[in-house]
Amino acid sequence: MKKVLLPLILLLCGLSAGAQGKHEVNVFVGGYKSEFFQGDESRGYYGDLLFDATDNIHYGDLADLYEPHYHINSSPVLTVNYHYILKKWIRVGAQLNWAGLSGNYRYELSRRAPESFRQQMVSVLPQVKFCIPGARHFRLYGKLAGGLQFNFGTLYSKSRPVEFAWDVVPIGAEWGGQRFYGNAEFCYGSVIQGGRIGVGFRF
């Protein structure tokens, strides 16, 4: 472990020493994956917050009896951002996201035990960050991102192996120093609905 950490620390120190402040990297932990909140009665898909959270009978259309019904759990969404600072007010880059869904599904008319599933989702989204001028130690910004999500597992892998993904941050904040700082974002989109919090490093 020391053989790995020591070169990494030296590399970061070297980058910091020669830093021109043109690059920034952020690591975030977010809330639930957006699919956790979705409910589409046309294909019998339900998340825990929208269907049968306490295993009660769902009274809907007759067709619902023949569709699978899902109970879903979501992992936190992990995000890594990179930006290149073009000007003080605009930055371009990309974000890499990972999240997992797990749970089970069953049919209303079947006596079979619920079947379990696991789903891994990785998305890569180019993005633009717009910064609002403010105080030196507290700064506001917004972000727009769009790209692709890759699905691995038993839920979407065959029907939707690759799909469009998007992420909007109407308001985010960073606080602390110019090199190391904290972040918090309010997010909406196919990647995450809710918020995320993290740390950043500028070099």
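K.L.:
I keep staring at the overall build of the protein and nothing clicks. Help me out?
P.N.:
Helix and strand counts for the protein stand at one helix and 11 strands. The linear arrangement of helices and strands in the protein, starting from the amino end, is α-β-β-β-β-β-β-β-β-β-β-β. Expressed as a percentage of the 203 residues in the protein, the buried residues total 38%. Expressed as a percentage of contacts within the protein between residues at least 6 apart in sequence, the contacts between residues at least 24 apart total 61%. Carbon together with sulfur atoms contributes 67% to the accessible area of the protein, which is approximately 11,600 Å² in total.

K.L.:
Could you clarify how one ought to interpret the environment of G103 in this entry?
P.N.:
Of note, G103 is situated in strand β6 (residues 90–107). On the basis of relative accessible area, G103 is assigned to the buried category, the value being 15%. For the pair G103 and I72, spaced 31 residues apart in sequence, the C-alpha to C-alpha distance is 4.6 Å. Among residues more than four places away in sequence, those in contact with G103 are H71, E115, S116 and F117.

K.L.:
It is not clear to me how the environment of H23 should be interpreted in this structure. Could you clarify?
P.N.:
One can find H23 in strand β1 (residues 23–30). With a relative accessible area of 25%, H23 lands in the partly exposed category. Here H23 is in contact with Y82, H83, Y84, I85, F201, R202 and F203, once residues within four sequence places are set aside. Reaching out from H23, the side chain makes a polar contact with the side chain of Y82 at a distance of 2.6 Å.

K.L.:
Please clarify how the pairing of β6 should be interpreted in this entry.
P.N.:
In summary, the side chains of a regular strand alternate between the two faces of the sheet. Looking at chain direction, strand β5 (residues 78–87) and β6 are connected through nine bridges and run antiparallel. Bridge assignment links V80 to a residue of β6, and that residue is L96. In textbook terms, the turn of a hairpin is the stretch between consecutive antiparallel strands, and for β5 and β6 this stretch comprises two residues. When β6 meets strand β7 (residues 115–135), the two strands line up antiparallel, connected through 16 bridges. In the strand pairing of β7, L101 is matched with Q119.

K.L.:
What should I look at first to understand the packing of aromatic side chains in this one?
P.N.:
Where two aromatic rings form a pair, the distance of their centres and the angle of their planes describe that pair. Scanning the model with the defined rule gives three aromatic pairs in all. Taking the centre distance of 4.8 Å and the plane angle of 35° together, the rings of F180 and F201 count as tilted. A residue pair is termed long-range when its members are at least 10 positions apart, and F180 in strand β10 (residues 180–189) and F201 in strand β11 (residues 194–202) qualify at 21 residues. Here F180 falls in the exposed class, since its relative accessible area comes to 56%. On the accessibility criterion, F201 (12% relative accessible area) is buried. When the centroid spacing of 5.5 Å and the interplanar angle of 20° are considered together, the rings of F201 and F203 count as stacked.

K.L.:
Just checking my understanding: could you explain the pattern of salt bridges for this structure?
P.N.:
For side chains bearing opposite charge, pairing can occur when the charged atoms are close. The full count for this structure, using the stated rule, is 10 salt bridges. For E24, the salt bridge goes to R91, with nearest N and O atoms at 2.8 Å. One end of the pair, E24, is in strand β1; the other, R91, is in strand β6, and 67 residues separate them in sequence. Take E24: its relative accessible area is 0%, and that puts it in the buried class.

K.L.:
How should I be thinking about the nonpolar core in this particular structure?
P.N.:
As a rule of thumb, nonpolar side chains are buried together in soluble globular proteins. If you look at the biggest cluster of nonpolar residues, it comprises nine residues: V77, A99, L125, A145, A165, V169, C187, V191 and I192. When sequence neighbours within four positions are dropped, the list of residues in contact with V77 reads F28, V29, G30, G31, Y32, K33, N97, W98, A99, V191 and I192. The next biggest cluster of nonpolar side chains, apart from the first, holds seven residues, and it includes I72, F117, M121 and L155.

The rules behind each value
Residues numbered from 1 in each chain as written. Predicted model: local features only at pLDDT ≥ 70, side-chain atom pairs only at ≥ 80, totals over all residues. Heavy atoms only, no water. Helix = DSSP H or I, 4+ residues; strand = E, 2+ residues; numbered from the N terminus. Buried < 20%, exposed > 50% of the residue type's maximum accessible area, 1.4 Å probe, protein only. Contact = heavy atoms within 4.5 Å. Areas by Shrake-Rupley, 256 points an atom, 1.4 Å probe, with all protein chains shown as cover. Polar contact = N/O pair within 3.5 Å; in protein donor to acceptor, adjacent residues only side chain to side chain. Pairing = 2+ DSSP bridges. Phe/Tyr/Trp six-rings, centres within 6.5 Å; stacked < 30°, edge-to-face > 60°. Salt bridge = Lys/Arg side-chain N within 4 Å of Asp/Glu carboxyl O. Core = buried A, V, L, I, M, F, W, Y, C linked by side-chain atoms within 4.5 Å.

All quantities given are derived from atomic positions and should not be read as evidence of function.
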